[in-house]
Every structure is written in structure tokens, then in C-alpha cells.
Amino acid sequence: MAERPHDWEIIASRDPFFGVIVSEEFRAKHIDANAKRRFYATGDTDIAQVLSWFDADFGARPTQGEALDIGCGVGRLSYAIARVMPKVTGYDVWESMIRVAGESAPPNLTLTTQLPAGPFSWINSYIVFQHIPPAEGVALLGSCLDRAAPGAFASVQITGWR
């Protein structure tokens, strides 16, 4: 018997944009060029917020080297990061999500299902780790941070619990 596909593979094949942002406007039946523009614009807004935090907290932001977007999904944040970084790698374990992300990927964005070697001057992840069992998530985060260049920036959202 074949192994049942993981939920994210099912989501990517049926409703990939809604799987990332749960909003009726991003349901597969509503996705057209304008809906995709609105969807990816939410990534621009989120990355602008992260950059403003870097500016406020550190008086600097990443502009050189390569960025890693962990759990990039369909590329919502990877596309936005690619507007401010010379090179970006979007990493996701689900091939179906990577396939969707590749449909309109900017030329400075590489997409992969294998954790790349680095080094990375910016490591980013948002709304990802809550989907990963804690022990696996801690191991993944450690592996990613091991790939950080000296002086790297990190913007990683983690859901906490007790």
C-alpha cells in the first residue's frame, strides 16, 4: 500500500495559497493574476515590518550575501526578500509547494527541498515552526543557524508553550 501523502502535499495540490493565508480570497477558485499579486504583496508587508525592526533594534539590515527562507512554501516571503537581497534560497520539504513557488520566482531566488549549505547573511522563517514537531523544529533551527555567516541577521517566529 502506498504511503498517504502528507497534508502539505495535499494542500499544495488543491489550495496552496489558502494553505498559507487562510482567507477566502486566496481559495483556488478565486486565484487569478490579481489575487496572486495581493497574496505576494502580503509578503512584502511582512518583510518590510521585519526590516523596520532590524533598523530600529540594530540600526542596520541585511543587504549583502545570501538569505535563507526556511519553510518558504509558495514563496510569499522569499519573493519579498529577493527584492532586497542579491541572492535568496527558499527551502521547503514539500516539492509541491516548491513547484508553485517556482512558477513566478524572481531570477535571484533558488528553491530547494534540500537544506542548503550556506553561509547565509539572513535567516528567516515565519508561520512555519508551529507545523513541525518540537524536537524536529529545534533540530532544524539549529541546523539552519549553523549555516549563519558571521554577523548574520535572523528573523524566526517560534510558537511557545509550557
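Look above for the structure.
Residues numbered from 1 in each chain as written. Predicted model: local features only at pLDDT ≥ 70, side-chain atom pairs only at ≥ 80, totals over all residues. Heavy atoms only, no water.

When you go through the protein residue by residue, the secondary structure sums to 6 helices and 5 strands. From first element to last, N terminus to C terminus, the protein shows the α and β order α-α-α-β-α-β-α-β-β-α-β. Considering only residue pairs separated by 6 or more positions, the protein has 57% of its internal contacts joining residues 24 or more positions apart. Of the roughly 9,000 Å² of accessible surface on the protein, a fraction of 56% belongs to carbon and sulfur atoms. (Helix = DSSP H or I, 4+ residues; strand = E, 2+ residues; numbered from the N terminus. Contact = heavy atoms within 4.5 Å. Areas by Shrake-Rupley, 256 points an atom, 1.4 Å probe, with all protein chains shown as cover.)

So, about the pattern of salt bridges. Taken as a whole and assessed by the stated rule, the structure comprises 5 salt bridges. The salt bridge partner of K36 is E103, with a shortest N-O separation of 3.7 Å. One end of the pair, K36, is in helix α3 (residues 33–58); the other, E103, is in the loop between α5 (95–102) and β3 (109–112), with 67 residues separating them in the sequence. A relative accessible area of 28% means that K36 is categorised as partly exposed. (Salt bridge = Lys/Arg side-chain N within 4 Å of Asp/Glu carboxyl O. Buried < 20%, exposed > 50% of the residue type's maximum accessible area, 1.4 Å probe, protein only.)

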